[in-house]
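Remarks on the overall topology
Single-letter residue listing:
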Amino acid sequence: MRMTEYLYNGLLLLSLVLSYFAMKQYSNTKELLNTGVKTSAEVIDLIESRDDDGYTYKPVFEYTDRTGDKMTFESDISSSPAPYQIGDYVDIIYSLDSGKRKVVSFWGLYRWTIILLSIAAPLLIIGGGYLLYARG
């Protein structure tokens, strides 16, 4: 086998692994939507962090769960400008048993699925296209 064939086989394999993890993330989100509890959360704080481009803001949410306990969680995503203002309300969904919490929005629910598939798709086309061309 030539070196280029190893490279294209590696790209194909990497795309399949990334696709697997993307589908696993999608499945986890689908399960959370089916079994989780949807509620409203209030933005109680914006954590400011400095990076090379300036300041980014990460919201902190507070909600009341089914047992009446006040719970807080910090968003995984920070952005500039701030996505919310203190006092805003957003819909969230949380799991009763695993502690998973997500903001109910397209990006909040499907972010990792989109990112992984965006990387996997070109690799699949390049690796798979080369193998189809080489065998044809």
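Here, every reference points to the structure presented above.
These remarks concern the structure in this document.

What counts and what doesn't
Residues numbered from 1 in each chain as written. Predicted model: local features only at pLDDT ≥ 70, side-chain atom pairs only at ≥ 80, totals over all residues. Heavy atoms only, no water. Core = buried A, V, L, I, M, F, W, Y, C linked by side-chain atoms within 4.5 Å. Buried < 20%, exposed > 50% of the residue type's maximum accessible area, 1.4 Å probe, protein only. Contact = heavy atoms within 4.5 Å. Helix = DSSP H or I, 4+ residues; strand = E, 2+ residues; numbered from the N terminus. Pairing = 2+ DSSP bridges. Axes fitted to C-alpha atoms, helices over the stretch in contact; angles between N-to-C directions.

The biggest cluster of nonpolar side chains holds 10 residues, and these are V37, A41, V43, F61, Y63, F73, V90, I92, Y94 and V103. In contact with Y94, other than residues within four places in its own chain, are L32, G36, V37, T39, Y63, D65, R66, K100 and R101. Residues A22, L116, A120 and L123 belong to the second largest nonpolar core, which totals 6 residues.

What follows is about unusual backbone geometry. A cis amide bond, omega 5°, links S80 with the succeeding residue P81. Looking at the element boundaries, P81 is found in the loop between β3 (70–74) and β4 (89–94).

The next point concerns the sheet that holds β4. Sheet strands pair by backbone hydrogen bonding; their relative direction is either parallel or antiparallel. Across the sheet, 5 strands lie side by side as β3-β2-β1-β4-β5; this open sheet has antiparallel pairing. Single-partner strands in this sheet number two, and they are β3 and β5 (101–103). On average, adjacent strands in this sheet sit at an angle of 40° to one another, irrespective of strand direction. Of the pairings in the sheet, the one linking strand β1 (residues 37–51) to β4 comprises 6 bridges and is antiparallel in character.

Spatial relationships are all this shows, so hold off on functional conclusions.
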